[in-house]
Amino acid sequence: MWSIFLWTGALVIIYLTHWVFIWKNPKCNGKLPPGSMGLPLLGETLQFFSPNTSSDIPPFIKKRMQRYGSVFRTSLVGRPVVISTDPDLNHFIFQQEGQLFQSWYPDTFTEIFGRQNVGSLHGFMYKYLKNLVLNLFGPENIKEKLLPEIEELAFRNLHLWSSWDSVELKEAIAKMIFDLTAKKLISYDSAKSGENLRENFVAFIQGLISFPLDIPGTAYHKCLQGRKKAMKLLKEMLNGRRATPPEKQNGDFFDHVLQELMKEGTILTEAIALDLMFVLLFASFETTSLALTLALKFLSDHPSVLKELTEEQEGILRRRENVDSGLTWKEYKSMTFTFQVINETVRLANIVPGIFRKVLREIQFKGYTIPAGWAVMVCPPAVHLNPAKYEDPLAFNPWRWQGMELNGATKHFMAFGGGMRFCVGTEFTKVIMAIFLHCLVTKYRWKVIKGGDIVRTPGLAFPNGFHVQLSEKHK
Ligand code: HEM
Ligand SMILES: *[C@@H]1O[C@H](CO)[C@@H](O)[C@H](O)[C@H]1NC(C)=O
Ligand SMILES: *[C@@H]1O[C@H](CO)[C@@H](O)[C@H](O)[C@H]1NC(C)=O
């Protein structure tokens, strides 16, 4: 009797040892990049997500760069991953999109964003969706329609906030941008709607790049619950639209999508359309509001930058025939220093701490082999905070961008990604940031009350918000 137990026990132990050995030494036709696969199943997931208040390259990455070099292997959320901090490999990954690499995000992303979101669609469907999105958020529409609307929105909000004792900027800016994009996408008006749609997206970034444990209390669970509710609302809205006769429709993005859905032989499905709405609502406000809040934090801490920015923006008003005429595209394009401030802010913000791809075919790189089926993660913070490319990399110094555009900084700047999957919201983000800064520094001053500290998990967050008091400048 006992011998059976012993035998089974021994077999289990042999099996487990073997399994752990395979886990630690994955199969590969060549030499894998150095690194550790961590614990069985868990890998190094917990270390990767451990919070830190530093703005430097995340300690998880930094330690491994020192130990292993610029390319190393690990295991995150149950997947073997090669992390790249190497500019050449990053470039290669972006250039080979769709050939050797394919967009892939951890299951956290797929669960939260839907299986058919724009980030994971390929080929034809993808180009088609991208065009739909660019119609709304691309430079043409910004130039013709959005510029005056954003200016009006910024002034209206600043005016309102200046009547408060204290504004929590992260929250206030997020609401402002969400109201804009939700209006453009689905004609949603938070003041009139009984449901608070944005509530469902709160604390999303932390949940998104978090451990995928779906039990009450975790950030991931909150994220999934939020998605469920938001998708239900979106679906109800879409059905409501279906019942509305065409002449009563208002020509927002939803109507556009609905028209496509009703076309014969269309490749768009309702599920894809709803996922797309959800992704766009999220991608457009959370990222941009983080960047803008951080910009205001930097300006508060660097009076000399604020001074030069204010001079540039006041110069625009001085050169106008009529001070009260709205911002023009030409004026927007002339904001040289402002764009340097924006570049410097998104460089240091590192809002997207990792860009993920799946390896479709075995890759050889500098003597290492990356097997097909593995994931690769391009690590923008390691690029943006590289002292060899950015002198004193942690310093907020917008002047470093002077003349940078001439020597093609692109390999060393990837806040908005690169290659085919470059962020479609780049221009939209810049225009919102620039116009908001214009309205703010020409008409208002502010005093920091409290907060402004950051934490990264490794996604950026302001745990205590950033509270300021706004007041109108006296002429
Ligand atoms: C500070 C603001 C923003 C940052 C830092 C940012 C960053 C990024 C990055 C790094 C990617 C590439 C992801 C990848 O390669 O897998 C991306 C893609 C994307 N972004 Fe943004 N983004 C911002 C604002 C926006 C806005 C305002 C929108 C909405 C209009 C938007 C919509 C998208 C979409 C739809 C994609 C997917 C594009 C594709 O797969 O081809 N983003 N973004
Ligand atoms: C952040 O990382 C540094 C470097 O690894 C470490 O010394 C520090 O204790 C970490 N924790 C926090 C909360 O910042
Ligand atoms: C900001 O960075 C991008 C990407 O490197 C560059 O093309 C652009 O010229 C920069 N803008 C300024 C004002 O330096």
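This structure is a prediction, so every number in the text was calculated from the model and none was measured. (Residues numbered from 1 in each chain as written. Chains lettered and ligands numbered in written order. Predicted model: local features only at pLDDT ≥ 70, side-chain atom pairs only at ≥ 80, totals over all residues. Heavy atoms only, no water.)

Q: Give a description of the overall build of the protein chain that names residues and reports values.
A: On a plain count of helices and strands, the protein chain comes out with 17 helices and 12 strands. Reported as C-alpha extents along the three principal axes, the dimensions of the protein chain are approximately 95 × 60 × 40 Å. Expressed as a percentage of its 475 residues, the buried residues of the protein chain come to 52%. Once local pairs closer than 6 in sequence are excluded, the contacts in the protein chain between residues at least 24 apart make up 72%. With the model as given, the accessible surface of the protein chain reaches about 22700 Å², and the carbon-plus-sulfur share is 58%. Side chains of the protein chain carry 55 positive and 45 negative charges; the gap between the two charge centres is 5 Å. (Helix = DSSP H or I, 4+ residues; strand = E, 2+ residues; numbered from the N terminus. Buried < 20%, exposed > 50% of the residue type's maximum accessible area, 1.4 Å probe, protein only. Contact = heavy atoms within 4.5 Å. Areas by Shrake-Rupley, 256 points an atom, 1.4 Å probe, with all protein chains shown as cover. Lys, Arg positive; Asp, Glu negative; His and termini not counted. Charge placed at Lys NZ, Arg CZ, Asp CG, Glu CD.)

Q: Residues and numbers for the nonpolar core, please.
A: Residues Trp 161 and Leu 296 are the most contacted members of the largest nonpolar core, which totals 111 residues. For this core, the element with the most residues is helix H12 (residues 270-301), which contributes 18 residues. Val 71, Ile 93, Val 376 and Met 414 belong to the second largest nonpolar core, which has 20 residues in total. (Core = buried A, V, L, I, M, F, W, Y, C linked by side-chain atoms within 4.5 Å.)

Q: Which residues make up helix H8 (residues 169-186), and what values go with them?
A: Here H8 contains 18 residues, and its C-alpha end-to-end distance of 25 Å stays within 8% of the 26 Å for a straight helix at 1.5 Å per residue. Burial runs high along H8: 15 of the 18 residues are buried. Capping the start of H8 is the job of one residue whose side-chain oxygen sits 2.9 Å from the backbone nitrogen of Lys 170: Glu 168. (Expected span 1.5 Å × (residues − 1). Polar contact = N/O pair within 3.5 Å; in protein donor to acceptor, adjacent residues only side chain to side chain.)

Q: Go over the pairing of strand E12 (residues 466-472), please, and point to the residues and values.
A: As defined by bridge partners, strand E4 (residues 167-168) adjoins E12 across 2 bridges and the pair is classed as antiparallel. In the strand pairing of E12, Val 167 is matched with Val 468. Sheet topology note: the strand E9 (residues 444-451)/E12 ladder contains 7 bridges and is antiparallel. Bridge pairing in E12 links Tyr 444 to Glu 472. (Pairing = 2+ DSSP bridges.)

Q: Any chance you could break down the coordination of the iron atom of ligand 1 for me, citing the residues and the numbers?
A: You will see that the iron atom of ligand 1 has only one donor from the protein, Cys 423 (SG), lying 2.2 Å away. Relative to the elements of secondary structure, Cys 423 occurs in the loop between helix H16 (380-384) and helix H17 (426-443). (Donors = N, O, S within 2.8 Å, 3.2 Å for Na, K, Ca; no water.)

Q: Help me get a handle on the pattern of salt bridges, residues and values and all.
A: One pass over the full model with this rule turns up 27 salt bridges. Of the charged contacts in the structure, one is a salt bridge between Lys 175 and Asp 179, with a shortest N-O distance of 2.8 Å. Here Lys 175 and its partner Asp 179 are both found in helix H8, 4 residues apart, which amounts to about one turn of the helix. Ionic pairing is found between Arg 320 and Glu 331, a salt bridge with its closest N-O pair at 2.8 Å. Remark: Glu 331 occurs in helix H14 (residues 329-333) and Arg 320 occurs in the loop between helix H13 (303-318) and H14; sequence separation between them is 11 residues. We note that Arg 320, like Glu 331, is buried. Connected through shared salt-bridge partners, Asp 86, Asp 88, Lys 366 and Lys 411 make up one network. (Salt bridge = Lys/Arg side-chain N within 4 Å of Asp/Glu carboxyl O.)

Q: Help me get a handle on the side chain of Arg 198, residues and values and all.
A: Tracing the sequence through the fold places Arg 198 in the loop between H8 and helix H9 (204-208). Judged by relative accessible area, which is 10%, Arg 198 ranks as buried. With residues near it in sequence (within four places) discarded, Arg 198 still touches Glu 171, Ala 174, Lys 175, Phe 178 and Phe 285.

Q: Before we move on, could you go through H17 and cite the residues and values that matter?
A: Its 18 residues place the ends of H17 26 Å apart at the C-alpha level, agreeing with the 26 Å of an ideal helix rising 1.5 Å per residue. Taking burial as the measure, the 18 residues of H17 include 15 buried ones, the bulk of the element.

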